Amino acid sequence: MPSTRSLLGVFEEDTAAISNYCTQLYQAMHRIYDAQNELSAATHLTSRLLKEYDKQRFPLGGDDEVMSSTLQQFAKVIDELSSCHAVLSTQLADAMMFPITQFKERDLKEILTLKEVFQIASDDHDTAINRYSRLSKRRDNDKVTTPVTDVYTSRKKQHQTMMHYFCSLNTLQYKKKTALLEPLLGYMQAQISFFKLGSENLTQQWEDFLGTIGTSVQNVRREMEEEVGQMQQTIQQMERSCDSLYAPCDPDPAHSPVCRNLTRKQGYLYIRNKTGLVSTSWERQYFFTQGGNLMQQGRGEVAGGLVTDLDNCSVMAVDSDDRRFCFQVTSFDGKKVVTLQAESRKDCEEWISTINNISKRIYLSENAEELAARVNQSAIEAVTPSPSFQQRHESMRPRRSGRASSISSVGSEPSSALSVLSLDALVAPEMPIQFDIISPVSEENSGQNKTAAQSGRRSNPFGETGDGTSDDSEDSILHQLFIVRFLGSMEVRSAESADVISETMRQILAARAIHNIFRMTESHLLVTCDCLKLIDPQTQVTRLRFPLSSVVQCSSHQDNKRLFGFVLQSASSRGDSRVVCYIFESNNDGEKICDSIGLAKQIAFHSEMDRKTVEKKKEQDKAKEKQQEELSKQRQIEKDLEEQSRLIAASSRPANSPAPDGQFLVLSNSQSEDSDAGEEGKKKGESEA
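Residues numbered from 1 in each chain as written. Predicted model: local features only at pLDDT ≥ 70, side-chain atom pairs only at ≥ 80, totals over all residues. Heavy atoms only, no water.

**Observations concerning the overall build of the protein**
A tally of helices and strands in the protein yields 15 helices and 14 strands. Classification of the 689 residues of the protein by burial places 37% in the buried group. In the protein, the share of contacts with a sequence separation of at least 24, taken over all contacts with a separation of at least 6, comes to 68%. Carbon and sulfur atoms make up 50% of the accessible area of the protein, which amounts to about 40300 Å² in all. (Helix = DSSP H or I, 4+ residues; strand = E, 2+ residues; numbered from the N terminus. Buried < 20%, exposed > 50% of the residue type's maximum accessible area, 1.4 Å probe, protein only. Contact = heavy atoms within 4.5 Å. Areas by Shrake-Rupley, 256 points an atom, 1.4 Å probe, with all protein chains shown as cover.)

**Observations regarding the environment of Q540**
Relative to the helices and strands, Q540 is located in the loop between β10 (531-535) and β11 (542-547). Residues Q540 and S523, 17 residues apart in the sequence, show an inter-C-alpha distance of 9.4 Å. Separated by 3.3 Å, the side chain of Q540 and the backbone oxygen of P537 make a polar contact. (Polar contact = N/O pair within 3.5 Å; in protein donor to acceptor, adjacent residues only side chain to side chain.)

**Remarks on the packing of aromatic side chains**
Under the counting rule described, the total for this entry stands at 14 aromatic pairs. Residues F118 and F166 carry aromatic rings whose centres are separated by 6.4 Å and whose planes lie at 50° to one another, so their mutual orientation is tilted. Separated by 48 residues along the polypeptide, F118 in helix α4 (residues 89-133) and F166 in helix α5 (residues 141-194) bring together distant segments of the chain. For F118, a relative accessible area of 5% gives the class buried. By relative accessible area, F166 is classed as partly exposed at 25%. Put simply, the rings of F486, F546, F564, F566, Y582 and F584 touch in pairs and so form one group of aromatic residues. Stacked on the ring of Y26, the Lys or Arg K104 has its end atom at 5.6 Å from the ring centre. The ring of Y270 has R323 lying over it, and the distance from NZ or CZ to the ring centre is 5.0 Å. (Phe/Tyr/Trp six-rings, centres within 6.5 Å; stacked < 30°, edge-to-face > 60°. Lys NZ or Arg CZ within 6 Å of the ring centre and 35° of its normal.)

**Structural notes on the packing of helix α2 (residues 39-51) against helix α3 (residues 65-80)**
Between α2 and α3, whose axes approach to 8 Å, the crossing angle comes to 160°. In terms of orientation, α2 and α3 fall into the roughly antiparallel class. Remark: the crossing between α2 and α3 carries left-handed chirality. Residues T43, H44, T46, S47, L50 and K51 of α2 form the contact with α3, whose participating residues are L71, Q72, F74, A75, I78 and D79. Taken together, the residues of the contact of α2 with α3 sort by class into 5 nonpolar, 5 polar and 2 charged. (Axes fitted to C-alpha atoms, helices over the stretch in contact; angles between N-to-C directions. Parallel < 35°, antiparallel > 145°, perpendicular 65-115°, else oblique. Left-handed = near helix turned anticlockwise from the far one by under 90°. Nonpolar A, V, L, I, M, F, W, Y, C, P; charged D, E, K, R; others polar.)

**Comments concerning the nonpolar core**
Judged by nonpolar contacts, the single largest core of 46 residues is most densely connected at L50, F74 and M188. Counting residues per element, the ones that place at least two in this core are α1 (2-34), α2, α3, α4, α5 and α6 (204-241). No other element matches the 12 residues that α5 contributes to this core. Residues in contact with F74, not counting those within four places in the same chain, are L50, L181, L184, M188, F209, L210 and I213. (Core = buried A, V, L, I, M, F, W, Y, C linked by side-chain atoms within 4.5 Å.)

Written out as C-alpha cells, the structure is:
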C-alpha cells in the first residue's frame, strides 16, 4: 500500500540518518584510537558531537529527553578529560572500537542487505502478478497452474522478507541507543582503569553515574530482546494465518463471503489506457475511494489523483477479450468511461457493490454501512423468487370463518396485506422480466419491423435517413435526444394506475440485485411528436419504436430521479390489449425525459385537434359548395320552366287569331310538334318541380 511505503520511507530515512551519525562518531573514536598525540583534539570533537545530538533531525525518536540529557552528561565528562592523553590502545580497541564497529559493519549492513532482498522480492512479485493477470480465460486449467504457483511463491517470499525487514528497522531503534552508549561506556572504563591510581578528576559521583548508565543499557537490551521475541512470534502467526491469502484465486465463499455493504474500498487494480487509435495497454495502480471520488496512486507518489466522479455514475461488469474480472465505470454524463480489472471475482463484485453504494450517495449518511446493508436487504426482500405470487396472496387473504376475529386481533396487518395485494395486482407475476431489449412483434407493426430489419436502415437522431427517403418523424416539431440504459420490462395488468411504474421498478431492481445482473444496454432515446425511438449509439440502427399514441403514462422514481419508465398499451395477436411497462436509467434527470414525452403528447394532441378542425372546415366548405350547386341548379330549373311557360302560352293561342299586324298566322307541322314538345316539357318540369 502507498501508506505503508511512505511509512517505510520514513524508517529508511531514519536509518540513513543513524548511519550517517554513527559514521561520524566512529571516525571520531577511530581518531582517538589512532592518534595518541592528538587525543585532546579527538576527545574535544567527540564532546562536541555529543552536544550536537539535540540538533540532529531524526525522523524517529528525536525528542528523547533522557537520551539527550545522558549524552550531555557524557559530553561534560569527556570535556573534562580532554586535557589528558589516552594510552592503552588495546583496551580502547576492545572496549570502545569493537561495539561501534560491530554496529556499523553488522547491523547497518544487514539492514541494507534486507533492503535489497526486499526490493528484489517486490520486483519478482510484480512480475508474477503481471504474468498471472495476462492469462486468458479461454486457457486450460493445467496452463494456469504455473502462474498461480509463481504468484504464491513470490508473494510469500515478499511477505516474509518484508516482515524481517520491518523487524530489523524496529530493532534498530533499540540498537542505536546501545551502539551510542556502549562505546562511550567502554571508553570511560578504559580511561578510569588508566587513571585509577592517580586520577583526581574522577569521583564516586561519576562512577555511580556510569553504573546507572550501564544498568540502563542492560535494561534497554532486555527490552529489545523481549520485543524481538514478540515480533518473531507475530511473524510466525502471520505466516500461518496468511498462507491461504497468497494465492490470487477466489477464496471459499463460506469463509470469505462477498460484502455488498461497503462504502469505502481500496486495493490494486489494472486500468486500461488507450495508447493509440485501436491499441490499449493495462497498468497496475493502487485505487481507493475518497468520498464520492475514485482515486489512484502510483508507487512513489505522495498523494493520489482523481480518476472519475462516482456520484450518480453507473457501474457494471463487462467482458474483455484479453482480461478476466473486468468492470466498467461510466460517469453521470456518459462522457468518461473507465475500464478496470480486479484480481478475483470476489474482489470484482465488492468493487461493483461499493461503487454502486457510493453512486447512491449512501456515504453521506452517518451510519453509511448500516444504511447500505438495509438498502441491499430491502432489495433482496423486495421480490420472492419462490413460491409464486398466488401462494403469497393466498397466505395473506383473510379466511371467511374467522374474519372478524382476525381483524380485531391483528390490527394494522390487514391494511398492510391489502396494500401489498393491491401493489402486486398491478403487475402480472406469471410473466417473465426481460433484461435485454427485444423488439415487440404485433399485428399492426410486424410487417414494418420485418421490413426495417431486412433493410437494416440506419436512423438519424435528428429525424433524417441515410437513403434520402422521408421518415415518419421528419416533419415533427419536437426532436430531443437522451442517453438512457435499459433496465428491464415486464407485462402489467393495469395501465391507468399511478403506482404501476414504481411497482415495476421495485420488481426489476430487486430481481437484478438477487440474480447479480449488472449489465445494461445503453441507447439513445429520441422523443418526437410521432413516436419514441431507441437508437443504437454505435450503428444508429433503431432498436425499438413506440408510437406516441400507445404511451399511456410516464413517470420517474420518487427517490432516485434518474430512474424513469413508461407504460405502453398495444393490441396483441389474440385481439385483446397488451400492457407492458419499460424501465430505464438516464444520465440526467428522469423527470426531464417524462416532461419531454408529456410535451410531445400535448403537441401531438393539439396537432390532432388542428387537423380535425381543418378537416371539419373542409367538410363545411364542401357542404356549402354542394348547397350552392343545388341552388344554381334550382334557379336553372326555374328559368327553364319560365321559358317553357312562355312558349306554351304562345302556342296556346287560336290558330286563326290575327297577328299583331292584322294578318293571320298559319302553324306548320313542325311548329305543332314543337308546341306538343313544349307541353310535354312543361309537364316534365312541373313533375320535376
